[in-house]
Amino acid sequence: MIELDNVAYSYSGDALLTDMSLQLAPGAFHFLTGPSGAGKTTFLKLCYGALKPTGGRVRIFDHDVTDMSRDDVAMARRRIGVVHQDCQFLDHLPVAENVALPLTVSGQASPDQVDNLNELMAWVGLSEKYDALPPELSGGERQRAALARALILSPDVILADEPTGNVDWEMSQRLLRLLVELNKMGKTVMIATHDLMLIRAAKSMVPARILRIANRTLQAAGADL
Amino acid sequence: MKLLDQARALLAQDAGADRVVPPTGFTARLTVLTSAAMAFLTIFALALSLASGRLATTWGEELARESTLRISAPADQMDAQTAAALRVLEQTPGVASARALSVEEQQALLEPWFGPDLPVESLPVPQLIAVIEGPEGYDSEGLRLRLQAEVPGAVLDEHTRWRRPLAAAASRLKLLGWVSILLIGGATAGMVTLAANAALAANAQVIAVLRLVGATDGYIARAFVRRFTMRTLIGAGAGTLLGVVALFIMPGGEAAGGFLTGLRFQGWHWVLPMIVPPLAALVAFVATELAARRVLGGLA
């Protein structure tokens, strides 16, 4: 799905990440951990083509990112659901339209999709907020709306950056269960988090691989977690 | 061809693409207002240009190149001087023809002043020679000098020549009108580009969200381009209408007896203002498209 081969990334000459290699296989479940500022978000951005590596190779769906045009990247994003830490929406459109936005922009919006949308909204527990505007949502609701938006096109890969950052323990458990369920449906999942409790909770549900960013590179974390 | 496809995609109904960019009241109104003003000015520049064009043409035609040579000489030299003058004129390059007016013709010319019974033959009336200029014109200074030497009694009277600088000025005015139209078009493009840049900057979050969920640059650009094109079209339409109405209530040129011409459009020229709104929309389309491509190309 997504392959990194000796990837390095530096901001204005300062190496942030170096020598990272990883293969995200279909159906895999990964956690990405590490201290704040270690480069977890940068790593995820490399995975969905928002940043191009300054060294090594990133391949997304068998295409080298450096050779991809902006439109190619846009097409790849339709197969990668991204949930950001601070999820942003189109604040002037109701939640349901925001969730359906990937359908709209890819020209797939049609009346047949309404059932699909309703089902997804119910699944993330936002049926009541159908017509609410995004600024009216709570932190947890925003996270779930962002997840629903990331899923509407039924992507092959889900990348979530601190999806439980703004929510209480109960809600984070619920989001985790949603992601585990998706993984069981065959989706590749990668969650960046520094919440070790969440990782422990996940390990009882799914065989997850844990990666850690330390010393500016990617390491397999031990079983101590 | 690519532009045509883009224009078609632009006109295709896509409520989704329109809704993704939040409506912005102030810049929208400003764009409409400015394009209306620009269209209004264009109509006047156009009217000015066409009117001066007409003026230059009519005056140019009336210059129709006729001048008169008047020969005053003692009666016994009259025939000799007339013959000499005709000879000189025949040899002058740029003179198409020269003809001495007959006694009857001269009598007809004088009739309004002296009545029909005047015996022209018995009066020392000067002999007139009608000179028709060729298309290239003749060198009037040179002709005058030659006549002075060979036909001392001859006076060359170029009665329409004074209009020539006016006709030239009218041609310049016409050019000025077209230059103004070009400048107005350029200013419109600049204004739309600035407005589009402002809109793109103000909607940075919208653009980031759209990119994240897999919108192509073309899709995002279209949302902006369509808006600015429509606003300019509407504004320019209103401005054109006002301009045409304003021209309509201007006095026509007939009163001035054909010497001047009205500012109003004449005949098929009334079609020209109708081209202004689509043309303004095209300018806005290209300007926004370029601005959007440039801004989006610089984003992650």
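Report on the accompanying structure.

What counts, and at which threshold
Residues numbered from 1 in each chain as written. Chains lettered and ligands numbered in written order. Predicted model: local features only at pLDDT ≥ 70, side-chain atom pairs only at ≥ 80, totals over all residues. Heavy atoms only, no water. Helix = DSSP H or I, 4+ residues; strand = E, 2+ residues; numbered from the N terminus. Rg over C-alpha atoms; globule rule 2.2 N^0.38 Å. Buried < 20%, exposed > 50% of the residue type's maximum accessible area, 1.4 Å probe, protein only. Contact = heavy atoms within 4.5 Å. Areas by Shrake-Rupley, 256 points an atom, 1.4 Å probe, with all protein chains shown as cover. Salt bridge = Lys/Arg side-chain N within 4 Å of Asp/Glu carboxyl O. Pairing = 2+ DSSP bridges. Patch = residues over 30% accessible without salt bridge, like charges linked within 9 Å, V, L, I, M, F, W, Y side chains within 5 Å. Core = buried A, V, L, I, M, F, W, Y, C linked by side-chain atoms within 4.5 Å. Domains from an automatic or database assignment. Axes fitted to C-alpha atoms, helices over the stretch in contact; angles between N-to-C directions. Buried area = accessible area lost by both parts, 1.4 Å probe. Nonpolar A, V, L, I, M, F, W, Y, C, P; charged D, E, K, R; others polar.

Examining the overall build of chain A
For chain A, the helix and strand inventory stands at 8 helices and 10 strands. Compactness check: chain A gives a C-alpha radius of gyration of 17 Å against a globular reference of 17 Å for 225 residues, within 12% of the reference. With the C-alpha coordinates aligned to their principal axes, the bounding extent of chain A is approximately 45 × 40 × 30 Å. Here chain A holds 225 residues, and the buried ones make up 56% of them. A separation of at least 24 residues holds for 71% of the contacts in chain A among residues at least 6 apart in sequence. Total accessible area computed for chain A in this model is approximately 9700 Å², and 47% of it derives from carbon and sulfur atoms.

Structural notes on the pattern of salt bridges
Close approach of charged atoms allows side chains with opposite charge to pair. Tallied over the full model, the rule gives 9 salt bridges over all chains. A salt bridge links Asp64 of chain A to Arg57 of chain A, with the nearest nitrogen and oxygen atoms 2.2 Å apart. For Arg57 of chain A, a relative accessible area of 44% corresponds to the partly exposed category. Each of Arg70 of chain A together with Arg211 and Asp217 of chain B takes part in one network of salt bridges that share partners.

Here's the deal with the pairing of strand 3 (residues 127–133) of chain B
Residues and elements named next belong to chain B. For strand 3, a buried count of 6 out of 7 residues is recorded, marking the element as mostly surrounded by other parts of the structure. In the sheet, strand 1 (residues 66–71) pairs with strand 3 via 6 bridges, with the strands oriented antiparallel. What sits directly across from Ile71, in strand 3, is Gln127.

Let's talk about a nonpolar patch on the surface
Taken together, the side chains of Ile275, Leu279, Leu282, Val286 and Leu290 of chain B make up a nonpolar region of the molecular surface, amounting to roughly 440 Å² of accessible area. Within the secondary structure layout, Leu282 of chain B lies in helix 10 (residues 272–297).

Quick notes on unusual backbone geometry
Despite not being glycine, Asp62 of chain A shows a phi value in the positive range, around 70°. Position of Asp62 of chain A relative to the elements: it lies in the loop between strand 4 (55–60) and strand 5 (63–64).

Side note on the nonpolar core
Residue and element names in this part refer to chain A. If you look at the biggest cluster of nonpolar residues, it comprises 45 residues, and the most contacted ones within it are Phe29, Phe31, Val99 and Leu176. Sorting the residues of this core by element identifies strand 3 (29–33), helix 3 (95–99), helix 5 (113–123), helix 6 (139–151), strand 7 (157–161), helix 7 (169–184), strand 8 (188–192) and helix 8 (196–203) as the ones contributing at least two each. Looking at which element gives the most residues to this core, the answer is helix 7, with 7 residues. Looking at which domains feed residues into this core, each of domain 1 (1–79 + 156–225) and domain 2 (91–154) gives three or more. Those residues in contact with Phe29, other than ones at most four positions away along the chain, are Leu176, Leu179, Val180, Asn183, Val189, Ile191, Val206, Pro207, Ala208 and Arg209. With 35 residues, the next largest nonpolar core counts Ile80, Val157, Met190 and Leu218 among its residues.

A look at the sheet that holds strand 1 (residues 2–11) of chain A
Residues and elements named next belong to chain A. Taken in spatial order, the 4 strands line up as 2-1-4-5 in an open sheet, and their pairing is antiparallel. Looking at strand neighbours, the two that pair on one side only are strand 2 (14–24) and strand 5, the edges of this open sheet. Alignment of strand 1 against strand 4, held across 5 bridges, turns out to be antiparallel. Paired with Ile2 across the two strands is Ile60, which belongs to strand 4.

A short note on the sheet that holds strand 1 of chain B
Residues and elements named next belong to chain B. Pairing within the open sheet is antiparallel, and its 4 strands lie in the order 2-3-1-4. Looking along the sheet, the strands with just one partner apiece sit at the ends: strand 2 (95–100) and strand 4 (154–157). Going from strand to strand, the sheet's axes swing by 20° on average, the running direction of each strand aside. Judged from the 4 bridges that link them, strand 1 and strand 4 form a sheet pairing that is antiparallel. Following the sheet pairing, Arg70 is matched in strand 4 by Val155.

Regarding the interface of chain B and chain A
Contact with chain B, which involves 23 residues of that partner, is made by 24 residues of chain A. With both sides pooled, the region where chain B packs onto chain A buries about 2000 Å², and carbon together with sulfur makes up 57% of that total. Linking chain B to chain A there are 1 salt bridge. In this structure, the salt-bridge partner of Asp217 of chain B is Arg70 of chain A, at a minimum N-O distance of 2.4 Å. Mapped onto the side of chain B that touches chain A, the elements with two or more residues apiece are helix 2 (15–19), helix 8 (204–212), helix 9 (217–248) and helix 10 of chain B. With 7 residues, helix 8 of chain B is the single largest residue contributor to the side of chain B that touches chain A. For the side of chain B that touches chain A, the per-class residue count stands at 15 nonpolar, 5 polar and 3 charged.

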